[in-house]
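Close look at the chain arrangement
The residues making up each chain are set out below.
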Amino acid sequence: LSNKYENSYFIGIENKPLYPQEIKPNNLEFIEADITDGLPFHDNEFDFTHAENMGLVLTPDQWDFVLSELIRVTKPGGYIEISDRRNGHVGDGPIFRKISDASKYIHCFQS
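Residues numbered from 1 in each chain as written. Predicted model: local features only at pLDDT ≥ 70, side-chain atom pairs only at ≥ 80, totals over all residues. Heavy atoms only, no water.

Where an unreviewed UniProt entry is consulted, the protein appears under the name Methyltransferase domain-containing protein, with the organism given as Rhizophagus irregularis.

Set out below in structure tokens:
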């Protein structure tokens, strides 16, 4: 996605350093962070936030905090998309699907 949308900046977060080492466009950054400890970003920093496959990672008690963090870092009028898979492949959310369909890379980052 970062190759397709060169005027956008992408940040992928993961709680373990499992980042691609060979290819990394200049507008893509990976950082190590645990969303359950709070996101290391300013309030209202992002136009679009996407969280994926967190259903099996987070406990029901953690969801309130995680959602509040996504709301905190997303600009007013921005979009938050939560995508998960239960009982097989359900698919990505509608905004992420449109972005992905425009690119040959389906999942370039994980939030």
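**Observations regarding the packing of aromatic side chains**
How we decide: Pairing of aromatic side chains here covers Phe, Tyr and the six-membered ring of Trp, requires ring centres within 6.5 Å, and sorts the geometry by plane angle: under 30 degrees stacked, over 60 edge-to-face, intermediate tilted. When a residue's accessible area, from a 1.4 Å probe over protein chains only, is under 20% of the maximum for its type it is buried; when over 50% it is exposed; and in between it is partly exposed.
Counted by the stated rule, this structure contains 1 aromatic pair. Ring geometry for Phe 41 versus Phe 46: centroids 4.9 Å apart, planes at 90°, classification edge-to-face. Grouping residues by exposure puts Phe 41 and Phe 46 together as buried.

**Comments concerning the pattern of salt bridges**
Close approach of charged atoms allows side chains of opposite charge to pair. Put simply, the rule reads: By definition, a salt bridge exists where a carboxyl oxygen of Asp or Glu is found within 4 Å of a side-chain nitrogen of Lys or Arg. Runs of E in the DSSP output that reach at least two residues are strands. Runs of H or I that reach at least four are helices, and both are numbered from the N terminus.
Within this structure, the stated rule accounts for 3 salt bridges. Across the pair Lys 75 and Asp 47 runs a salt bridge, and its minimum N-O distance is 3.5 Å. Of this pair, Lys 75 sits in strand 4 (residues 74-83) while Asp 47 is found in strand 3 (residues 46-52), placing the two residues 28 residues apart along the sequence. For the salt bridge of Arg 72 with Glu 69, the shortest nitrogen-to-oxygen distance reads 2.9 Å. One end of the pair, Arg 72, and the other, Glu 69, are both in helix 1 (residues 60-73), 3 residues apart, so they sit about a helical turn from each other. Under the relative-accessibility criterion, Arg 72 is labelled partly exposed at 23%.

**Some words on the nonpolar core**
Quick reminder of the rule: Only buried residues count toward a nonpolar core, which is a set of Ala, Val, Leu, Ile, Met, Phe, Trp, Tyr and Cys residues joined through side-chain atoms within 4.5 Å.
Counting 14 residues, the largest nonpolar core has Ile 11, Ile 13, Ile 35, Leu 39, Phe 41 and Leu 70 as its most contacted members. Those elements giving two or more residues to this core turn out to be strand 1 (10-14), strand 3 and helix 1. Ranked by residue count, the leading element in this core is helix 1, at 3 residues.

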